[in-house]
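Listed below are the residues making up each chain.
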Protein chains: 4
Amino acid sequence: MKERARRKAQRPGEILEAAFDAFAERGFAATRMEDVAARAGVTKGAIYFYFPTKERLFEEMVDHYSRDMLADAGAMLASAQGGSAEKLRAFLEFMYGRCARDRYGREIIRLMVSDGKSFPQLVERHHRDFFAPAMRMVSELLAAGAASGEFRPEVAKHGAEIVVAPSVFLTLMRLIFGGSLELNEDAYIVCHIELLLNGLLTPSGRANLSPAKACGEDRSPI
Amino acid sequence: MKERARRKAQRPGEILEAAFDAFAERGFAATRMEDVAARAGVTKGAIYFYFPTKERLFEEMVDHYSRDMLADAGAMLASAQGGSAEKLRAFLEFMYGRCARDRYGREIIRLMVSDGKSFPQLVERHHRDFFAPAMRMVSELLAAGAASGEFRPEVAKHGAEIVVAPSVFLTLMRLIFGGSLELNEDAYIVCHIELLLNGLLTPSGRANLSPAKACGEDRSPI
Amino acid sequence: MKERARRKAQRPGEILEAAFDAFAERGFAATRMEDVAARAGVTKGAIYFYFPTKERLFEEMVDHYSRDMLADAGAMLASAQGGSAEKLRAFLEFMYGRCARDRYGREIIRLMVSDGKSFPQLVERHHRDFFAPAMRMVSELLAAGAASGEFRPEVAKHGAEIVVAPSVFLTLMRLIFGGSLELNEDAYIVCHIELLLNGLLTPSGRANLSPAKACGEDRSPI
Amino acid sequence: MKERARRKAQRPGEILEAAFDAFAERGFAATRMEDVAARAGVTKGAIYFYFPTKERLFEEMVDHYSRDMLADAGAMLASAQGGSAEKLRAFLEFMYGRCARDRYGREIIRLMVSDGKSFPQLVERHHRDFFAPAMRMVSELLAAGAASGEFRPEVAKHGAEIVVAPSVFLTLMRLIFGGSLELNEDAYIVCHIELLLNGLLTPSGRANLSPAKACGEDRSPI
DNA sequence: AATGAATGAGAGTTCATTCAT
DNA sequence: TATGAATGAACTCTCATTCAT
């Protein structure tokens, strides 16, 4: 039977999948190799044929499931149409899809939080290959929007972080409160983008606040 | 000797402090009772005099360090002066102080993420006693602002989450990237509030976007 | 009860004794910590309270049981009476007692042979602290005997090794063939010393051989 | 292909060679079948085609490398020329060559010491087929020498062991101290034979000792 | 109140052995 | 013949927990 050959080719992937489930469920330390093995339908020993230690299994699993994130982000941005606002919306929707909605992205973030200290190279890699470039993308988007007159230029420095924060916030709430968090994600996203683009203040609220030097940066009244 | 009596009264607190440090450092599963004991300057056995199991020690520690958060939040809001925008700013500064800047708040969040699944009552309690009330406070603040004409009313439903998200985002980045995250927190907060209140769009950007039904909700042009 | 205190003080020694028995029986690799524990009447975990690893247990055991050998050898020599021949006989009897007859000395030699490659410092220590000094003692004894006219001076260079060899040979036979080696040790020793002192040749055999340059070194006929 | 056939015929020998290297390096217990396989340039499974268990592989390897020793010893003795002393010298040189100098003989002795207890038939075989006959040969040689008046007759009982001891002693030192044992083997052998044949005492030393009944056996003064 | 020696149930890892290919 | 993926038992070491002192 080709059965054997087929299994062999698939085993590493199956083990990584099982490892993802197990580690996401309980974290690195509390997960036993036997848990992973059972989920993968093999015995403990078989895992060691493919991965030399629990640490390496963890690292390779995280790498495996974070590999395409950045690539996808780049591809997404490249294909975005329209003005800066449209592009920004597209990027945010990507973030929601990849971090908040997608179980893989979400749980990888959990593992970064819970076990990142034990895997500093992993964290560094994520900073270098995903977080920093993503923030840079957003910053460039904001700058381009400012240059074209669409966006207000004041948000240069930390705008990127503020802009994506709600998607990460939603992710975190899902991680902590799980299924008990009832929330209409679509409405949440709409609200996020609406608030982001238009701000909280009414014209009159703005008028009241502006003379009092609202937010640190000098700004011409609207 | 009074010394002995004083030590005795302080022991539980010292152990909780040590437990916080230890659990924050490595998470629940990877922390050994002996780590906690060593940090507290006692032996393993002593801990069991005050706390019957590792689980209970963890729970009581988390309770201990999250107890005042809600109280502080309530007190803070009650004492806030000025219009809704001022109150909102005060609340956000409280959030930054309690979650992002304060090591205790930050690490408790880490533990919620990493070990919350094993302590569902803890998570529930946090949801009931801290997260939900805090969100309610913000929602009420936004509603009051809308009623008084300061805030735009469109953000009723999910505004609270969006509004606080950047402080939680900063917290999470600190948890994951630790000291290697260089960031001027003051400037970040200023940017957050500025962007929150005034939005990203310039008047012309707004004009371009509005006819195209910018953000899902119908809205009178500004 | 003082039982506990008494046990506590004796435990390390009991474990070392058990470790000696177990390692001597099966060698380092084939001995399980559980074997040692069972012989010592404790559980596996208890051993780790006193010795951090199997390797360290092994090393400390070997150290423990070889510590007095050199000291004893020195004391013995210092107290030896009579001429050089008497002293030599005393030394050889010490060797037989310590290496061949004594189970501890014998089995330590076995462990040097079987596991010395894995514990090079141990081997070095034995060379530096036991083997080399012992050989030196014998060499000095031979030199003193030669100076006093008792011993033939030709054996300067390797005489020490040749002189002690039969005791080590007996040790090795005991290690390999164990109880099945039937041998009158006393007669063996007598024969050893007799042959050592007087040589194998008769005067006539000597006469036949001498002119033919018997053994490399030039030597006046007796 | 002839190549394949030739390889096939050589495989068992290659595996035995690899097994010798591996077992000699680390002993039976610490050697893994995979070590042997790697040295032999095959995979684990291939070994099991030729040898059913690790134990059998070990036994056959030891047999393989000790088979010719006795035959060689017999052949050597048969071809020895000259008087008893010459024959004895020839035998001793054979011993040095086979035990001390030859890596195979030396390491087989190591394995007898380290793992003999687990392979009692192996040890018995060695005793029956090598050690006992060799000792018998030497005994007969000594008896013949005594009969011909070359050798002193007093050494009948244990002379053989004493006579060969230095070669085994050298072997053991090499096994334990390895390359760090600096020693001129030729000079060592010369010294051994010289001392063996002529003894340690000078005529005057002998005179002093004799009246005191030096070595147990009554003996006419030289 | 506190100690710390001891337990015992695992945890990660190794490896002789098997067997479908 | 030979491979190498897979098993499963065993091994070293860990650690929450207990308890005599």
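Predicted model, so just to flag it, every value in this text is computed and none were measured.

## Looking at the interface of chain A and chain B
Point 1. Contact residues are listed per partner, giving 68 residues for chain A and 69 residues for chain B.
Point 2. The junction of chain A with chain B conceals about 6300 Å² of combined surface from both sides, 72% of it contributed by carbon and sulfur atoms.
Point 3. One can count two salt bridges joining chain A with chain B.
Point 4. Taking the shortest distance from any N to any O, the salt bridge between B:Glu194 and A:Arg152 comes out at 1.7 Å.
Point 5. Our enumeration of links across chain A and chain B arrives at six residue pairs in polar contact (both at pLDDT 80 or more).
Point 6. Among the elements of the structure, helix H1 (3-30), helix H5 (84-101), helix H6 (103-115), helix H7 (120-147), helix H8 (159-177), helix H9 (185-198) and helix H10 (203-209) of chain A are those that each provide at least two residues to the side of chain A that touches chain B.
Point 7. If one sorts the elements of the side of chain A that touches chain B by residue count, H8(A) sits on top with 14 residues.
Point 8. Among the residues making up the side of chain A that touches chain B, the classes are represented as 42 nonpolar, 13 polar and 13 charged.

## Some remarks on the arrangement of the chains
Point 1. Spatially, chain A is disjoint from chain C: no contact exists, and the shortest C-alpha separation is 20 Å.
Point 2. Nowhere do chain A and chain D come into contact; their C-alpha atoms are at least 14 Å apart.

## Considering the relation of the copies chain D and chain C
Point 1. For these two chains of identical sequence, chain D goes onto chain C by a turn of 180 degrees and a shift of 0.0 Å along the axis, with RMSD 0.1 Å. Here the symmetry operator amounts to a two-fold rotation axis. The position closest to the rotation axis in chain D is occupied by the C-alpha of D:Gly199, lying 1.6 Å away.
Point 2. Both copies contact each other with a shared surface, as 100% of the interface residues of chain D are interface residues in chain C too.

## Digging into the relation of the copies chain A and chain B
Point 1. In screw terms, the move from chain A to chain B is a rotation of 180 degrees and a rise of 0.1 Å along the axis, fitting with an RMSD of 0.1 Å.
Point 2. Both copies present the same face, since 100% of the interface residues in chain A are matched by interface residues at the equivalent positions in chain B.

## Notes on the packing of aromatic side chains
Point 1. Counted by the stated rule, this structure contains 52 aromatic pairs over all chains.
Point 2. Between the aromatic rings of C:Phe131 and D:Phe177, the centroid separation amounts to 5.0 Å while the plane-to-plane angle is 35 degrees, which identifies the pairing as tilted. Taken together, the residues span two chains, with C:Phe131 in helix H7 (residues 120-147) and D:Phe177 in helix H8 (residues 159-177). With respect to burial, C:Phe131 and D:Phe177 carry one shared label: buried.
Point 3. Sitting above the plane of the C:Phe28 ring, C:Lys54 keeps its charged end 4.5 Å from the centroid.
Point 4. Sitting over the ring of C:Tyr104, C:Arg103 keeps its end group 5.9 Å from the ring centre.

## Points about the protein's contact with DNA strand E
Point 1. A:Tyr48, B:Tyr50, C:Arg11, C:Phe49 and C:Tyr50 are the nearest of the 35 residues found near DNA strand E.
Point 2. Those atoms of DNA strand E that come within 4 Å of the protein belong to sugar or phosphate at a rate of 78%.
Point 3. Within the side chain of C:Thr43, an N or O atom sits 2.8 Å from a phosphate oxygen of DNA strand E.
Point 4. Those elements that place two or more of their residues in the surface near DNA strand E are helix H3 (44-50) of chain A, helix H1 (2-30) and helix H3 (44-50) of chain B, helix H1 (3-30) and helix H3 (44-50) of chain C together with helix H3 (44-50) of chain D.
Point 5. Class assignment for the residues of the surface near DNA strand E results in 13 nonpolar, eight polar and 14 charged.

## Describing the side chain of D:Arg174
Point 1. Following the sequence through the fold, D:Arg174 ends up in helix H8.
Point 2. Residues within four places of D:Arg174 in sequence aside, it is in contact with D:Ala100, D:Arg106, D:Leu181, D:Leu183 and D:Glu185.

## Some details on the pattern of salt bridges
Residues and elements named next belong to chain A.
Point 1. Across all of its chains, the model carries 54 salt bridges over all chains by this definition.
Point 2. Across the pair Arg-101 and Glu-185 runs a salt bridge, and its minimum N-O distance is 2.5 Å. Here the residue Arg-101 occupies a position in helix H5, and Glu-185 occupies one in helix H9, the gap between them amounting to 84 residues.
Point 3. Salt bridges sharing common partners tie together Arg-101, Arg-174 and Glu-185.

## What about the environment of D:Leu16?
Residues and elements named next belong to chain D.
Point 1. Here Leu-16 is to be found in helix H1 (residues 2-30).
Point 2. In the structure, Leu-16 is positioned 72 residues away from Leu-88 in sequence and 33 Å away in space, judged by C-alpha atoms.
Point 3. In this structure Leu-16 touches Phe-51, Leu-57, Glu-60, Met-61, His-64 and Tyr-65, once residues within four positions along its chain are discounted.

## Describing the UniProt feature "DNA-binding region" (unreviewed entry) in chain A
Point 1. UniProt tags residues 32-51 of chain A as "DNA-binding region" (unreviewed entry).
Point 2. Annotated as 75% helix and 0% strand, the span residues 32-51 of chain A places its first and last C-alpha atoms 14 Å apart.

Each value, and the rule that gives it
- Residues numbered from 1 in each chain as written.
- Chains lettered and ligands numbered in written order.
- Predicted model: local features only at pLDDT ≥ 70, side-chain atom pairs only at ≥ 80, totals over all residues.
- Heavy atoms only, no water.
- Contact = heavy atoms within 4.5 Å.
- Buried area = accessible area lost by both parts, 1.4 Å probe.
- Salt bridge = Lys/Arg side-chain N within 4 Å of Asp/Glu carboxyl O.
- Polar contact = N/O pair within 3.5 Å; in protein donor to acceptor, adjacent residues only side chain to side chain.
- Helix = DSSP H or I, 4+ residues; strand = E, 2+ residues; numbered from the N terminus.
- Nonpolar A, V, L, I, M, F, W, Y, C, P; charged D, E, K, R; others polar.
- Least-squares fit on C-alpha atoms with pLDDT ≥ 70 in both.
- Phe/Tyr/Trp six-rings, centres within 6.5 Å; stacked < 30°, edge-to-face > 60°.
- Buried < 20%, exposed > 50% of the residue type's maximum accessible area, 1.4 Å probe, protein only.
- Lys NZ or Arg CZ within 6 Å of the ring centre and 35° of its normal.
- Near = heavy atom within 4 Å.
- UniProt positions renumbered as here; feature names shortened; annotations may be inferred.

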